[in-house]
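# Breakdown of the fold
The primary structure of each chain is shown beneath.
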Amino acid sequence: MSMEESDIAAVARAREGDGEAFRLLVERHSRGIFRLAYRLTRSEQDSEDLVQETFLRAFRNLSGFEQRANFATWLYRIAVNCSMDWIRKRRVHEQLDEGDADCGGSGTRSERSDSESRIYQMEVQQRVRYALKGLSPLERAAFVLRHFEGMSIEEIGGALGVRSNAAKHSIFRAVRKMRRALDPMVTRI
Amino acid sequence: MTKHLNDEQMILYYYGESVEESFVEDHLASCDSCRSEYQKLQRTLALVTAEPVPQRSADYGSQVWSRLQSQLNERTLSSGSHQFRPWTLDLGSRTRWAWAGVFAALIVTAFLLGHYWQRPQPPAVVEQPAPVSPQARERVLLSAMADHLEEAELVLTEIAHAPEGGNVDIATSQDLARETLKANRIYRQAAARNGEPGLASVLDDLEVILVEIVHSPSNVSSAEVEDMRLRIQAQEILFKLKVLASQLRERQKDAARELSRRSS
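### So, the nonpolar core
Of all hydrophobic cores here, the largest spans 66 residues; its most connected members are A37(A), A79(A), A141(A), A142(A) and L160(A). Among the elements that take part in this core, helix α4 (residues 71–93) of chain A stands out by supplying eleven residues, more than any other. Of all hydrophobic cores here, the second largest spans 29 residues; its members include A146(B), V155(B), I213(B) and A255(B).

Next up, the structure:
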(Lines give C-alpha, C1' and ligand atoms only; values in the text may rest on other atoms or scores of the structure.)
Protein backbone atom coordinates (compact mmCIF):
# COMPACT_ATOMS: atom_id res chain seq x y z
CA MET A 1 0.00 0.00 0.00
CA SER A 2 1.44 3.37 -0.91
CA MET A 3 1.82 6.30 1.43
CA GLU A 4 -0.94 8.21 -0.35
CA GLU A 5 -3.34 5.31 -0.13
CA SER A 6 -2.59 5.05 3.56
CA ASP A 7 -3.23 8.75 4.02
CA ILE A 8 -6.50 8.59 2.19
CA ALA A 9 -7.60 5.55 4.12
CA ALA A 10 -6.71 7.30 7.37
CA VAL A 11 -8.65 10.39 6.33
CA ALA A 12 -11.66 8.23 5.54
CA ARG A 13 -11.48 6.65 8.98
CA ALA A 14 -10.98 10.04 10.64
CA ARG A 15 -14.07 11.34 8.89
CA GLU A 16 -15.96 8.43 10.37
CA GLY A 17 -14.88 9.60 13.82
CA ASP A 18 -11.77 7.48 14.30
CA GLY A 19 -9.39 9.53 16.43
CA GLU A 20 -6.57 7.02 16.02
CA ALA A 21 -6.66 7.59 12.28
CA PHE A 22 -6.27 11.32 12.79
CA ARG A 23 -3.40 10.65 15.20
CA LEU A 24 -1.68 8.66 12.47
CA LEU A 25 -1.93 11.63 10.11
CA VAL A 26 -0.59 14.02 12.74
CA GLU A 27 2.36 11.79 13.54
CA ARG A 28 3.16 11.24 9.90
CA HIS A 29 3.13 14.86 8.75
CA SER A 30 4.13 16.96 11.77
CA ARG A 31 7.81 17.23 10.95
CA GLY A 32 7.16 18.28 7.37
CA ILE A 33 4.67 20.90 8.46
CA PHE A 34 7.08 22.22 11.06
CA ARG A 35 9.82 22.55 8.47
CA LEU A 36 7.53 24.44 6.12
CA ALA A 37 6.26 26.74 8.87
CA TYR A 38 9.80 27.48 9.96
CA ARG A 39 10.87 28.27 6.43
CA LEU A 40 8.01 30.74 6.16
CA THR A 41 8.22 32.31 9.60
CA ARG A 42 11.80 31.67 10.74
CA SER A 43 10.45 31.47 14.26
CA GLU A 44 10.78 28.19 16.11
CA GLN A 45 8.12 28.82 18.74
CA ASP A 46 5.64 30.24 16.28
CA SER A 47 6.25 27.29 13.97
CA GLU A 48 5.31 24.96 16.82
CA ASP A 49 2.06 26.89 17.22
CA LEU A 50 1.45 26.81 13.49
CA VAL A 51 1.82 23.04 13.41
CA GLN A 52 -0.93 22.83 16.03
CA GLU A 53 -3.11 25.31 14.19
CA THR A 54 -2.63 23.51 10.90
CA PHE A 55 -3.89 20.23 12.29
CA LEU A 56 -6.75 21.90 14.11
CA ARG A 57 -7.87 23.53 10.88
CA ALA A 58 -7.37 20.29 9.01
CA PHE A 59 -9.50 18.48 11.54
CA ARG A 60 -12.26 21.04 11.30
CA ASN A 61 -12.23 20.86 7.54
CA LEU A 62 -11.79 17.16 6.94
CA SER A 63 -15.10 17.12 5.11
CA GLY A 64 -13.67 19.57 2.61
CA PHE A 65 -10.92 17.17 1.62
CA GLU A 66 -11.64 15.46 -1.66
CA GLN A 67 -10.81 11.79 -1.58
CA ARG A 68 -9.07 11.93 -4.92
CA ALA A 69 -6.72 14.68 -3.81
CA ASN A 70 -3.30 14.30 -2.26
CA PHE A 71 -3.66 14.69 1.49
CA ALA A 72 -0.13 16.00 1.99
CA THR A 73 -0.72 18.72 -0.61
CA TRP A 74 -4.01 19.62 1.01
CA LEU A 75 -2.37 19.80 4.42
CA TYR A 76 0.50 21.81 2.98
CA ARG A 77 -1.98 24.34 1.70
CA ILE A 78 -3.55 24.70 5.13
CA ALA A 79 -0.10 25.13 6.67
CA VAL A 80 0.76 27.82 4.14
CA ASN A 81 -2.51 29.61 4.86
CA CYS A 82 -1.88 29.45 8.60
CA SER A 83 1.63 30.77 8.09
CA MET A 84 0.40 33.55 5.83
CA ASP A 85 -2.09 34.55 8.51
CA TRP A 86 0.77 34.65 10.96
CA ILE A 87 2.82 36.80 8.61
CA ARG A 88 -0.10 39.15 8.10
CA LYS A 89 -0.65 39.54 11.81
CA ARG A 90 3.01 40.24 12.35
CA ARG A 91 3.04 42.75 9.52
CA VAL A 92 -0.02 44.53 10.83
CA HIS A 93 0.73 44.55 14.52
CA GLU A 94 4.46 44.94 14.60
CA GLN A 95 6.98 47.21 13.04
CA LEU A 96 10.20 45.69 11.87
CA ASP A 97 12.43 45.69 14.91
CA GLU A 98 15.37 48.00 14.99
CA GLY A 99 17.88 45.22 14.78
CA ASP A 100 16.47 44.01 11.54
CA ALA A 101 16.00 47.48 10.17
CA ASP A 102 19.61 48.28 10.83
CA CYS A 103 20.90 46.02 8.15
CA GLY A 104 23.56 48.32 6.78
CA GLY A 105 25.93 46.86 9.30
CA SER A 106 28.80 49.31 8.83
CA GLY A 107 28.83 50.37 12.48
CA THR A 108 28.71 46.93 14.00
CA ARG A 109 31.09 45.31 11.64
CA SER A 110 34.12 46.99 13.14
CA GLU A 111 33.06 45.97 16.63
CA ARG A 112 32.95 42.29 15.85
CA SER A 113 35.97 40.13 16.21
CA ASP A 114 34.90 37.50 13.66
CA SER A 115 36.60 37.21 10.33
CA GLU A 116 35.48 39.36 7.43
CA SER A 117 33.94 36.32 5.81
CA ARG A 118 31.93 35.49 8.91
CA ILE A 119 30.77 39.08 9.23
CA TYR A 120 29.82 39.15 5.60
CA GLN A 121 27.73 36.00 5.98
CA MET A 122 26.00 37.42 9.02
CA GLU A 123 25.16 40.58 7.16
CA VAL A 124 23.84 38.60 4.22
CA GLN A 125 21.62 36.56 6.50
CA GLN A 126 20.41 39.70 8.20
CA ARG A 127 19.55 41.26 4.89
CA VAL A 128 17.79 38.12 3.72
CA ARG A 129 15.68 38.05 6.88
CA TYR A 130 14.89 41.72 6.51
CA ALA A 131 14.03 41.35 2.84
CA LEU A 132 11.79 38.38 3.53
CA LYS A 133 9.93 40.39 6.12
CA GLY A 134 9.40 43.10 3.56
CA LEU A 135 7.62 40.77 1.18
CA SER A 136 3.85 40.58 1.15
CA PRO A 137 2.48 37.33 2.61
CA LEU A 138 1.74 35.97 -0.84
CA GLU A 139 5.14 36.95 -2.22
CA ARG A 140 6.89 35.46 0.76
CA ALA A 141 5.02 32.17 0.59
CA ALA A 142 5.49 31.86 -3.16
CA PHE A 143 9.17 32.69 -2.96
CA VAL A 144 9.89 30.31 -0.07
CA LEU A 145 8.06 27.48 -1.77
CA ARG A 146 9.94 28.08 -5.02
CA HIS A 147 13.37 28.96 -3.73
CA PHE A 148 13.70 26.79 -0.62
CA GLU A 149 11.20 24.02 -1.15
CA GLY A 150 11.80 23.64 -4.88
CA MET A 151 8.14 23.46 -5.77
CA SER A 152 7.09 24.22 -9.32
CA ILE A 153 5.06 27.33 -10.03
CA GLU A 154 2.05 25.17 -10.79
CA GLU A 155 2.40 23.36 -7.47
CA ILE A 156 2.79 26.68 -5.68
CA GLY A 157 -0.40 27.93 -7.28
CA GLY A 158 -2.13 24.84 -5.95
CA ALA A 159 -0.63 25.23 -2.49
CA LEU A 160 -1.61 28.89 -2.27
CA GLY A 161 -4.98 28.49 -3.90
CA VAL A 162 -4.17 30.95 -6.67
CA ARG A 163 -3.71 30.72 -10.41
CA SER A 164 -0.26 29.79 -11.64
CA ASN A 165 0.08 33.20 -13.21
CA ALA A 166 -0.54 34.90 -9.88
CA ALA A 167 2.01 32.63 -8.22
CA LYS A 168 4.51 33.40 -10.95
CA HIS A 169 4.11 37.15 -10.62
CA SER A 170 4.40 36.91 -6.85
CA ILE A 171 7.75 35.21 -7.37
CA PHE A 172 8.84 37.91 -9.80
CA ARG A 173 7.99 40.63 -7.31
CA ALA A 174 9.70 38.75 -4.50
CA VAL A 175 12.90 38.22 -6.49
CA ARG A 176 13.02 41.90 -7.43
CA LYS A 177 12.72 42.89 -3.79
CA MET A 178 15.36 40.39 -2.76
CA ARG A 179 17.67 41.76 -5.42
CA ARG A 180 17.18 45.31 -4.21
CA ALA A 181 17.99 44.24 -0.66
CA LEU A 182 21.02 42.18 -1.60
CA ASP A 183 22.52 44.24 -4.38
CA PRO A 184 25.06 45.93 -2.10
CA MET A 185 26.26 42.52 -0.97
CA VAL A 186 26.61 41.19 -4.50
CA THR A 187 28.79 44.10 -5.54
CA ARG A 188 31.11 43.36 -2.59
CA ILE A 189 31.80 39.83 -3.79
CA MET B 1 18.85 44.66 -33.22
CA THR B 2 18.36 41.74 -30.86
CA LYS B 3 15.97 42.37 -28.00
CA HIS B 4 17.47 41.80 -24.56
CA LEU B 5 16.02 39.38 -22.04
CA ASN B 6 13.85 40.85 -19.34
CA ASP B 7 14.12 39.91 -15.69
CA GLU B 8 11.05 37.67 -15.81
CA GLN B 9 12.62 35.54 -18.52
CA MET B 10 15.80 35.30 -16.48
CA ILE B 11 14.01 34.40 -13.25
CA LEU B 12 12.02 31.65 -14.94
CA TYR B 13 15.19 30.35 -16.56
CA TYR B 14 17.04 30.40 -13.25
CA TYR B 15 14.33 28.28 -11.64
CA GLY B 16 14.11 25.91 -14.59
CA GLU B 17 10.59 27.05 -15.44
CA SER B 18 11.25 28.75 -18.73
CA VAL B 19 9.18 27.60 -21.67
CA GLU B 20 11.76 29.10 -24.01
CA GLU B 21 14.86 27.55 -22.50
CA SER B 22 16.80 27.12 -25.74
CA PHE B 23 16.12 30.68 -26.80
CA VAL B 24 17.29 32.04 -23.44
CA GLU B 25 20.38 29.84 -23.50
CA ASP B 26 21.32 30.95 -26.99
CA HIS B 27 20.75 34.56 -26.11
CA LEU B 28 22.86 34.38 -22.96
CA ALA B 29 25.63 32.78 -24.95
CA SER B 30 25.68 35.59 -27.45
CA CYS B 31 24.77 38.69 -25.44
CA ASP B 32 27.36 40.00 -22.98
CA SER B 33 24.95 42.44 -21.40
CA CYS B 34 22.29 39.84 -20.64
CA ARG B 35 24.87 37.29 -19.54
CA SER B 36 26.30 39.78 -17.08
CA GLU B 37 22.86 40.62 -15.77
CA TYR B 38 21.97 36.96 -15.44
CA GLN B 39 25.17 36.20 -13.56
CA LYS B 40 24.30 38.98 -11.16
CA LEU B 41 20.89 37.42 -10.63
CA GLN B 42 22.56 34.06 -10.00
CA ARG B 43 24.93 35.56 -7.44
CA THR B 44 22.11 37.33 -5.68
CA LEU B 45 19.84 34.31 -5.41
CA ALA B 46 22.78 32.15 -4.38
CA LEU B 47 23.10 34.37 -1.33
CA VAL B 48 19.55 33.51 -0.31
CA THR B 49 20.34 30.29 1.43
CA ALA B 50 18.04 28.48 3.76
CA GLU B 51 18.73 28.92 7.42
CA PRO B 52 19.02 25.51 9.08
CA VAL B 53 15.66 24.33 10.31
CA PRO B 54 15.75 23.34 13.99
CA GLN B 55 15.73 19.58 14.17
CA ARG B 56 12.79 17.69 15.54
CA SER B 57 13.13 14.24 17.04
CA ALA B 58 11.68 11.14 15.47
CA ASP B 59 8.81 11.14 17.96
CA TYR B 60 7.96 14.76 17.25
CA GLY B 61 4.68 13.69 15.68
CA SER B 62 3.68 11.96 18.91
CA GLN B 63 4.51 15.07 20.87
CA VAL B 64 2.36 17.15 18.56
CA TRP B 65 -0.47 14.69 18.91
CA SER B 66 -0.23 14.82 22.71
CA ARG B 67 -0.60 18.57 22.68
CA LEU B 68 -3.21 18.51 19.97
CA GLN B 69 -5.26 15.82 21.65
CA SER B 70 -6.01 18.00 24.64
CA GLN B 71 -7.23 20.77 22.37
CA LEU B 72 -9.32 18.41 20.33
CA ASN B 73 -10.68 16.91 23.53
CA GLU B 74 -11.71 20.33 24.70
CA ARG B 75 -13.39 21.10 21.46
CA THR B 76 -14.51 17.96 19.88
CA LEU B 77 -13.48 14.65 21.31
CA SER B 78 -15.39 12.84 23.94
CA SER B 79 -13.39 12.40 27.11
CA GLY B 80 -11.39 9.26 27.52
CA SER B 81 -11.53 8.22 23.91
CA HIS B 82 -10.60 9.40 20.46
CA GLN B 83 -14.15 9.24 19.19
CA PHE B 84 -15.34 12.49 17.69
CA ARG B 85 -18.57 14.02 18.71
CA PRO B 86 -20.81 13.63 15.73
CA TRP B 87 -21.96 17.23 15.54
CA THR B 88 -18.46 18.61 15.26
CA LEU B 89 -17.23 16.38 12.49
CA ASP B 90 -18.67 17.51 9.24
CA LEU B 91 -19.17 14.19 7.53
CA GLY B 92 -18.63 13.98 3.84
CA SER B 93 -22.29 13.64 3.02
CA ARG B 94 -23.07 16.99 4.57
CA THR B 95 -23.14 20.02 2.41
CA ARG B 96 -21.65 23.42 3.10
CA TRP B 97 -25.16 24.67 3.66
CA ALA B 98 -25.72 22.14 6.39
CA TRP B 99 -22.42 23.16 7.89
CA ALA B 100 -23.47 26.75 7.87
CA GLY B 101 -26.77 25.73 9.38
CA VAL B 102 -24.94 24.22 12.31
CA PHE B 103 -23.19 27.52 12.84
CA ALA B 104 -26.44 29.41 12.64
CA ALA B 105 -28.07 27.03 15.08
CA LEU B 106 -25.17 27.44 17.46
CA ILE B 107 -25.47 31.19 17.26
CA VAL B 108 -29.15 31.08 18.08
CA THR B 109 -28.60 28.61 20.88
CA ALA B 110 -25.88 30.75 22.37
CA PHE B 111 -28.06 33.81 22.15
CA LEU B 112 -30.99 32.13 23.77
CA LEU B 113 -28.85 30.76 26.53
CA GLY B 114 -27.85 34.33 27.13
CA HIS B 115 -24.25 33.52 27.95
CA TYR B 116 -23.13 36.64 26.28
CA TRP B 117 -26.07 38.87 25.83
CA GLN B 118 -27.28 38.74 29.41
CA ARG B 119 -23.96 39.92 30.77
CA PRO B 120 -23.99 43.43 32.24
CA GLN B 121 -24.62 45.82 29.45
CA PRO B 122 -24.79 49.60 29.18
CA PRO B 123 -27.70 51.21 31.05
CA ALA B 124 -29.81 51.57 27.95
CA VAL B 125 -30.16 47.81 27.86
CA VAL B 126 -30.23 47.11 31.59
CA GLU B 127 -32.87 49.71 32.31
CA GLN B 128 -35.41 48.58 29.83
CA PRO B 129 -38.75 49.29 31.46
CA ALA B 130 -40.46 46.11 30.43
CA PRO B 131 -39.16 42.58 30.07
CA VAL B 132 -38.48 41.53 26.53
CA SER B 133 -39.82 38.22 25.42
CA PRO B 134 -37.31 35.58 24.35
CA GLN B 135 -38.77 35.63 20.84
CA ALA B 136 -38.37 39.38 20.53
CA ARG B 137 -34.86 39.21 21.88
CA GLU B 138 -33.97 36.41 19.54
CA ARG B 139 -35.30 38.37 16.59
CA VAL B 140 -33.30 41.46 17.50
CA LEU B 141 -30.14 39.53 18.13
CA LEU B 142 -30.41 37.55 14.96
CA SER B 143 -30.96 40.76 13.08
CA ALA B 144 -27.90 42.36 14.69
CA MET B 145 -25.67 39.43 13.86
CA ALA B 146 -26.98 39.19 10.30
CA ASP B 147 -26.44 42.93 9.86
CA HIS B 148 -22.90 42.53 11.04
CA LEU B 149 -22.17 39.69 8.67
CA GLU B 150 -23.69 41.59 5.75
CA GLU B 151 -21.66 44.70 6.55
CA ALA B 152 -18.53 42.60 6.63
CA GLU B 153 -19.54 41.03 3.34
CA LEU B 154 -19.99 44.51 1.86
CA VAL B 155 -16.50 45.57 2.95
CA LEU B 156 -14.88 42.50 1.50
CA THR B 157 -16.91 42.70 -1.69
CA GLU B 158 -15.72 46.27 -2.25
CA ILE B 159 -12.13 45.14 -1.91
CA ALA B 160 -12.67 42.03 -4.01
CA HIS B 161 -14.12 44.14 -6.82
CA ALA B 162 -11.66 47.01 -6.64
CA PRO B 163 -10.51 48.11 -10.08
CA GLU B 164 -7.38 46.45 -11.39
CA GLY B 165 -4.27 48.33 -12.45
CA GLY B 166 -2.74 51.40 -10.82
CA ASN B 167 -3.24 52.52 -7.25
CA VAL B 168 -6.60 52.12 -5.56
CA ASP B 169 -8.18 54.41 -2.97
CA ILE B 170 -9.76 52.22 -0.30
CA ALA B 171 -10.41 54.97 2.27
CA THR B 172 -14.18 54.46 2.19
CA SER B 173 -13.85 50.71 2.63
CA GLN B 174 -11.43 51.31 5.48
CA ASP B 175 -13.90 53.47 7.38
CA LEU B 176 -16.53 50.76 7.12
CA ALA B 177 -13.96 48.07 7.94
CA ARG B 178 -12.94 49.95 11.08
CA GLU B 179 -16.48 49.95 12.42
CA THR B 180 -17.05 46.37 11.39
CA LEU B 181 -13.85 45.32 13.08
CA LYS B 182 -14.99 46.70 16.45
CA ALA B 183 -18.22 44.75 16.28
CA ASN B 184 -16.48 41.67 14.98
CA ARG B 185 -14.20 41.49 18.00
CA ILE B 186 -17.21 41.42 20.28
CA TYR B 187 -18.96 38.73 18.27
CA ARG B 188 -15.79 36.67 17.97
CA GLN B 189 -15.11 36.81 21.70
CA ALA B 190 -18.68 35.87 22.42
CA ALA B 191 -18.47 32.91 20.07
CA ALA B 192 -15.21 31.73 21.62
CA ARG B 193 -16.61 32.16 25.11
CA ASN B 194 -19.66 30.13 24.24
CA GLY B 195 -17.64 27.20 22.94
CA GLU B 196 -18.31 27.75 19.26
CA PRO B 197 -14.89 27.27 17.71
CA GLY B 198 -16.21 27.02 14.18
CA LEU B 199 -18.01 30.35 14.29
CA ALA B 200 -15.15 31.93 16.19
CA SER B 201 -12.79 30.65 13.51
CA VAL B 202 -14.76 32.29 10.70
CA LEU B 203 -14.92 35.54 12.64
CA ASP B 204 -11.24 35.21 13.46
CA ASP B 205 -10.38 34.81 9.78
CA LEU B 206 -12.60 37.80 9.06
CA GLU B 207 -10.84 39.84 11.72
CA VAL B 208 -7.41 39.19 10.24
CA ILE B 209 -8.59 40.49 6.89
CA LEU B 210 -10.35 43.48 8.43
CA VAL B 211 -7.24 44.39 10.44
CA GLU B 212 -5.19 44.19 7.30
CA ILE B 213 -7.59 46.49 5.46
CA VAL B 214 -7.79 48.99 8.32
CA HIS B 215 -4.02 49.20 8.71
CA SER B 216 -3.25 49.42 5.03
CA PRO B 217 -2.48 52.79 3.48
CA SER B 218 -5.57 54.47 2.03
CA ASN B 219 -3.95 54.34 -1.34
CA VAL B 220 -2.73 50.83 -2.09
CA SER B 221 -1.05 49.34 -5.09
CA SER B 222 -2.88 46.97 -7.36
CA ALA B 223 -0.54 44.22 -6.18
CA GLU B 224 -1.57 44.77 -2.58
CA VAL B 225 -5.22 44.79 -3.54
CA GLU B 226 -4.63 41.56 -5.42
CA ASP B 227 -3.10 40.04 -2.29
CA MET B 228 -6.19 40.95 -0.28
CA ARG B 229 -8.46 39.68 -3.02
CA LEU B 230 -6.65 36.36 -3.23
CA ARG B 231 -6.78 35.99 0.51
CA ILE B 232 -10.50 36.63 0.55
CA GLN B 233 -11.00 34.09 -2.22
CA ALA B 234 -8.71 31.48 -0.70
CA GLN B 235 -10.60 31.45 2.57
CA GLU B 236 -13.99 31.48 0.90
CA ILE B 237 -14.86 34.02 3.52
CA LEU B 238 -17.45 35.79 1.37
CA PHE B 239 -19.25 32.54 0.81
CA LYS B 240 -19.26 31.71 4.50
CA LEU B 241 -20.53 35.17 5.45
CA LYS B 242 -23.25 35.00 2.85
CA VAL B 243 -24.42 31.60 4.01
CA LEU B 244 -24.40 32.53 7.67
CA ALA B 245 -26.22 35.81 7.07
CA SER B 246 -28.82 34.05 4.96
CA GLN B 247 -29.43 31.43 7.59
CA LEU B 248 -29.77 34.07 10.26
CA ARG B 249 -32.28 36.01 8.19
CA GLU B 250 -34.39 32.90 7.84
CA ARG B 251 -34.27 32.34 11.56
CA GLN B 252 -35.13 35.97 12.10
CA LYS B 253 -38.26 35.56 9.96
CA ASP B 254 -39.22 32.45 11.89
CA ALA B 255 -38.79 34.34 15.14
CA ALA B 256 -40.92 37.20 13.82
CA ARG B 257 -43.67 34.79 12.78
CA GLU B 258 -43.57 33.14 16.17
CA LEU B 259 -43.76 36.51 17.88
CA SER B 260 -46.72 37.50 15.75
CA ARG B 261 -48.48 34.21 16.40
CA ARG B 262 -48.06 34.57 20.16
CA SER B 263 -49.26 38.18 20.26
CA SER B 264 -52.36 37.51 18.17
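### Details of the packing of helix α2 (residues 19–41) of chain A against helix α3 (residues 44–60) of chain A
Residue and element names in this part refer to chain A. Closest axis-to-axis distance for the α2/α3 pair is 8 Å, and the angle between their directions is 135°. Accordingly, the angle class assigned to the pair α2 and α3 is oblique. With respect to the hand of their crossing, α2 and α3 are arranged in right-handed fashion. Between α2 and α3, the contacting residues are F22, V26, S30, I33, F34, A37, Y38 and T41 on the first element and E44, D46, S47, L50, V51, T54, F55 and F59 on the second. When grouped by side-chain class, the residues that make up the contact of α2 with α3 number ten nonpolar, four polar and two charged.

### Observations regarding the interface of chain B and chain A
Chain B puts 45 residues into the contact, and the matching count from chain A is 54 residues. For the side of chain B that touches chain A, the secondary-structure elements that each account for two or more residues are α1 (7–14), α3 (32–47), α4 (60–75), α9 (197–215) and α10 (222–235) of chain B. Considering every element that reaches the side of chain B that touches chain A, the biggest residue donor is α4(B), with nine residues. Counted by class, the side of chain B that touches chain A contains 22 nonpolar, ten polar and 13 charged residues.

### Description of the environment of Y13(B)
Residue and element names in this part refer to chain B. In this fold, Y13 is placed in helix α1. Separated by twelve residues in sequence, Y13 and E25 place their C-alpha atoms 8.7 Å apart. Excluding its chain neighbours within four sequence positions, the residues that come into contact with Y13 are S18, E21 and V24.

### Looking at α3(B)
Residues and elements named next belong to chain B. Under the 1.5 Å per step criterion, the end-to-end length of α3 is 23 Å for 16 residues, consistent within 8% with the ideal 22 Å. The set of residues buried in α3 consists of C34, Y38 and T44. Each buried residue of α3 sits inside an arc of 120° when the element is viewed along its axis, so together they form one side. Exposed residues on α3 whose side chains face more than 90 degrees from its buried face are D32, S36, Q39 and A46.

The rules we used
- Residues numbered from 1 in each chain as written.
- Chains lettered and ligands numbered in written order.
- Predicted model: local features only at pLDDT ≥ 70, side-chain atom pairs only at ≥ 80, totals over all residues.
- Core = buried A, V, L, I, M, F, W, Y, C linked by C-beta atoms within 7 Å.
- Buried ≥ 20, exposed ≤ 12 C-beta atoms within 10 Å, placed from the backbone.
- Helix = DSSP H or I, 4+ residues; strand = E, 2+ residues; numbered from the N terminus.
- Axes fitted to C-alpha atoms, helices over the stretch in contact; angles between N-to-C directions.
- Parallel < 35°, antiparallel > 145°, perpendicular 65-115°, else oblique.
- Left-handed = near helix turned anticlockwise from the far one by under 90°.
- Contact = placed C-beta atoms within 7 Å.
- Nonpolar A, V, L, I, M, F, W, Y, C, P; charged D, E, K, R; others polar.
- Expected span 1.5 Å × (residues − 1).
- Arc of directions from axis to C-beta.

Read these as spatial facts, not as claims about activity.
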